[in-house]
Amino acid sequence: MANYVSVDLGYGYVKAISSSTGKRIVFPSLVGIGHERTVSSNIDGIHKQADDLNNIHIVYDNKGEWFVGELAQQESTSVSRIFERERFEHDYTHILLNVAIQLVTEGSSEPVYLSTGLPLDFYKSQAKDFQRSIVGVQPKIEWKSGPLKGLKMQTVIEKALVFPQAVSAVYAALVNHDGKVIYPQYMKEGRLIALIDVGFRTTDFVVVEMGQNNAFKPIARLSGTVDAGIVNLYDDIMTHFKTEADGADLQERYINRILRDYEISYRGKTIDFKDTIENSKKAIVASIVDRLKKVWKEEADLFDAIFLAGGGGELIEHYIQPHFNGRLIKIQESQFANAIGYLRLGKAVFESYQQKKAQ
């Protein structure tokens, strides 16, 4: 059976799905320099966490040790996200990609048919180069800890497709995993469907026009990327902490706790973040809406549906809904919207290719 895999390499989180195993995973898009962890490894053994998704320690391409995801955030003295414009050239991109593939395929040696994507503003200029860079035999990964601890594997990517982000999420919003239409009222020819995909660093927006046989095409002049996302909220939280904690820096791993509790203790003093979080979310929404108003103008009133996707969509839904008269439809699995879209679109293309090849 063909091994169809989709990977959404977000700035904040990596999301991946395999059609053959049915497995899906999500972990922070973080890579850090690895090192031996004698003490922490023993602790992991006691708590039986050495095979946990939060404990990924690998040797990549026989060249060095790396912590990936949550472990990079917890243990590495040098941890990075990939914010470069041309991410496909960065080694960390390929580390994240291959770790994700091996996790969802559970160590299978079968060739992979990969579907992934790029932000709309980068897609046209980078898609072909990115596609070329990920096809073929991949560097070997030795799993020192994590879900595949003890394995040494080399993924083979037989074929790869690179889709535009947000456009793929539209497909996930309109069609379920069985290929059945979720919103038949929006599938008529000429209908206009918009989607706002709020990510970690950027927000993609796209408008598509429905055609015949449930096909659709993006409208380029109404689609694009806003340079605003949840990273702005992270920055505001860190700045507020630094101000209240006499210049001390806040490690990123505490931010999810602050977003949940709206406070944290520092030297016995409770630092309140409620106003900071609320004001930051409003500022992010203002940036997104300001750009959309300039691009969409009055045409937004004629859209038949507007979907909200992305992990960031869940965080700002309450604040962005009023700007669209409460019309936004949040995709049920919003964080996985692109990964789901990549998988469904990619599987259809790959199966068609294989059928033609067999004839």
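For the structure, check the block above.
Residues numbered from 1 in each chain as written. Predicted model: local features only at pLDDT ≥ 70, side-chain atom pairs only at ≥ 80, totals over all residues. Heavy atoms only, no water.

Undergrad: Help me understand the overall build of the protein chain, please; the structure alone is not making it clear to me.
TA: Helix and strand content of the protein chain: ten helices and 20 strands. Computed over the C-alpha atoms, the radius of gyration of the protein chain is 21 Å, within 12% of the 21 Å expected from 2.2 N^0.38 for a compact globule of 359 residues. Principal-axis analysis of the C-alpha atoms gives the protein chain an extent of 60 × 60 × 35 Å. The buried share of the protein chain, taken over its 359 residues, is 50%. Of the roughly 17,200 Å² that the protein chain leaves accessible, carbon and sulfur atoms contribute 46%. (Helix = DSSP H or I, 4+ residues; strand = E, 2+ residues; numbered from the N terminus. Rg over C-alpha atoms; globule rule 2.2 N^0.38 Å. Buried < 20%, exposed > 50% of the residue type's maximum accessible area, 1.4 Å probe, protein only. Areas by Shrake-Rupley, 256 points an atom, 1.4 Å probe, with all protein chains shown as cover.)

Undergrad: I keep staring at the pairing of strand E18 (residues 269-272) and nothing clicks. Help me out?
TA: Remark: a regular strand shows side chains that alternate across the two faces of the sheet. Alignment of strand E17 (residues 263-266) against E18, held across four bridges, turns out to be antiparallel. Bridging across to E18, Ser265 finds its partner in Thr270. Where E17 folds back on E18, the antiparallel hairpin that results is connected by two residues, among which Arg267 adopts a positive phi of roughly 50°. (Pairing = 2+ DSSP bridges.)

Undergrad: Sorry, what's going on with the side chain of Ser334 here?
TA: Of note, Ser334 is situated in the loop between strand E20 (328-330) and helix H10 (337-358). Judged by its relative accessible area of 2%, Ser334 falls in the buried class. A polar contact is formed between the side chain of Ser334 and the side chain of Glu314, at a distance of 2.8 Å. Setting aside its immediate chain neighbours within four residues, Ser334 contacts Leu308, Ala309, Gly310, Gly311 and Glu314. (Polar contact = N/O pair within 3.5 Å; in protein donor to acceptor, adjacent residues only side chain to side chain. Contact = heavy atoms within 4.5 Å.)

Undergrad: Whenever I open this one, the pattern of salt bridges confuses me. Can you help?
TA: Where charged atoms from two side chains of opposite charge approach closely, those side chains can pair. Scanning the entire structure with this criterion turns up 14 salt bridges. Linking Lys144 and Glu36 is a salt bridge whose minimum nitrogen-to-oxygen distance equals 2.5 Å. Highlighted residues: Lys144 in strand E10 (residues 141-145) and Glu36 in the loop between strand E4 (31-33) and helix H1 (38-46), separated in sequence by 108 residues. On the accessibility criterion, Lys144 (26% relative accessible area) is partly exposed. Linked through salt bridges whose partners overlap, the residues forming this network are Glu36, Glu65 and Lys144. (Salt bridge = Lys/Arg side-chain N within 4 Å of Asp/Glu carboxyl O.)

Undergrad: Can you walk me through helix H3 (residues 91-105) in this structure?
TA: An ideal rise of 1.5 Å per residue puts 21 Å on 15 residues; H3 measures up with 21 Å between its terminal C-alpha atoms. Of all 15 residues that make up H3, 14 are buried, and the element is covered over most of its length. (Expected span 1.5 Å × (residues − 1).)

Undergrad: Looking at this structure, I do not really get the sheet that holds strand E12 (residues 156-164). What am I missing?
TA: Hydrogen bonding along the main chain pairs the strands of a sheet, whether they run parallel or antiparallel. An order of E3-E2-E1-E8-E12-E9 is seen for the six strands of this open sheet, with the pairing classed as mixed. Of all strands in the sheet, those bounded by a partner on one side alone are strand E3 (24-28) and strand E9 (136-137). Bridge count between strand E1 (residues 3-9) and strand E8 (residues 112-118): four bridges; the pairing is parallel. Residue pairing in the sheet places Val5 in a bridge with Leu114 of E8.

Undergrad: Help me understand the packing of aromatic side chains, please; the structure alone is not making it clear to me.
TA: Within a pair of aromatic rings, the relevant descriptors are the distance that separates the centres and the angle that separates the planes. Evaluated as defined, the whole model comprises twelve aromatic pairs. Note on Phe241 and Tyr266: the rings are 5.4 Å apart at their centroids and 80° apart in plane angle, and the pair reads as edge-to-face. Taken together, the residues Phe241 in helix H6 (residues 230-244) and Tyr266 in strand E17 connect sequence positions 25 residues apart. An aromatic cluster of three or more residues is present, and its members are Phe205, Trp296, Phe303 and Phe324. Over the face of the ring belonging to Tyr11 we find Arg201, whose NZ or CZ atom lies 5.5 Å from the ring centre. (Phe/Tyr/Trp six-rings, centres within 6.5 Å; stacked < 30°, edge-to-face > 60°. Lys NZ or Arg CZ within 6 Å of the ring centre and 35° of its normal.)

Undergrad: Sorry if this is basic, but what is going on with the sheet that holds E10 here?
TA: The strand order across the open sheet formed by six strands is E7-E4-E6-E5-E10-E11, and the pairing between neighbours is antiparallel. Strands at the two margins of the open sheet, each flanked by one partner only, are strand E7 (79-80) and strand E11 (152-153). Docked against the sheet, H3 engages E4, strand E5 (56-60), strand E6 (64-68), E7, E10 and E11, running at close to 115° with respect to E5. (Axes fitted to C-alpha atoms, helices over the stretch in contact; angles between N-to-C directions.)

Undergrad: Looking at this structure, how should I read the layout of surface pockets?
TA: The rolling of a water-molecule-sized probe over the atoms marks out the regions of remaining empty space. There is about 530 Å³ of room inside the largest pocket. In terms of lining, the largest pocket is formed by 32 residues, of which the most central are Tyr13, Phe200, Gly311, Gly312 and Gln335. Those elements giving two or more residues to the lining of the largest pocket turn out to be E1, strand E2 (13-18), strand E13 (192-198), H6, helix H7 (255-261), helix H9 (311-320) and H10. Considering each element in turn, the lining of the largest pocket owes the most residues, four residues, to H9. Considering only residue class, the lining of the largest pocket consists of 13 nonpolar, twelve polar and seven charged. In this structure, the second largest pocket occupies an estimated 350 Å³ of space. Lining of the second largest pocket is provided by 16 residues; of these, His177, Ile340, Leu343, Arg344 and Lys347 occupy positions nearest its centre. (1 Å grid on protein atoms, 1.4 Å probe; cavity = no way out; pocket = protein on both sides within 12 Å on 5 of 7 lines; lining within 4 Å. Points joined across faces, edges and corners; volume = space filled by probe spheres on them. Nonpolar A, V, L, I, M, F, W, Y, C, P; charged D, E, K, R; others polar.)

Undergrad: Explain the nonpolar core here, please?
TA: Nonpolar side chains in soluble globular proteins generally cluster together in the buried interior. Membership of the largest hydrophobic core comes to 45 residues, with the highest contact counts inside it found for Ile196, Ile237, Phe241, Trp296, Phe303, Ile320 and Phe324. Residue assignment for this core shows that the elements contributing at least two residues are E13, strand E14 (203-210), H6, H7, E17, helix H8 (274-296), strand E19 (305-309) and H9. Ranked by residues supplied to this core, first place goes to H8 with eight residues. Excluding its chain neighbours within four sequence positions, the residues that come into contact with Ile320 are Ile196, Val285, Ile288, Val289, Leu308 and Leu328. (Core = buried A, V, L, I, M, F, W, Y, C linked by side-chain atoms within 4.5 Å.)

Undergrad: Explanation requested: the environment of Leu151 in the structure shown.
TA: Structurally, Leu151 can be placed in the loop between E10 and E11. Assessed through its relative accessible area of 36%, Leu151 is described here as partly exposed. As a C-alpha pair, Leu151 and Glu75 span 76 residues in sequence and 22 Å in three-dimensional space.

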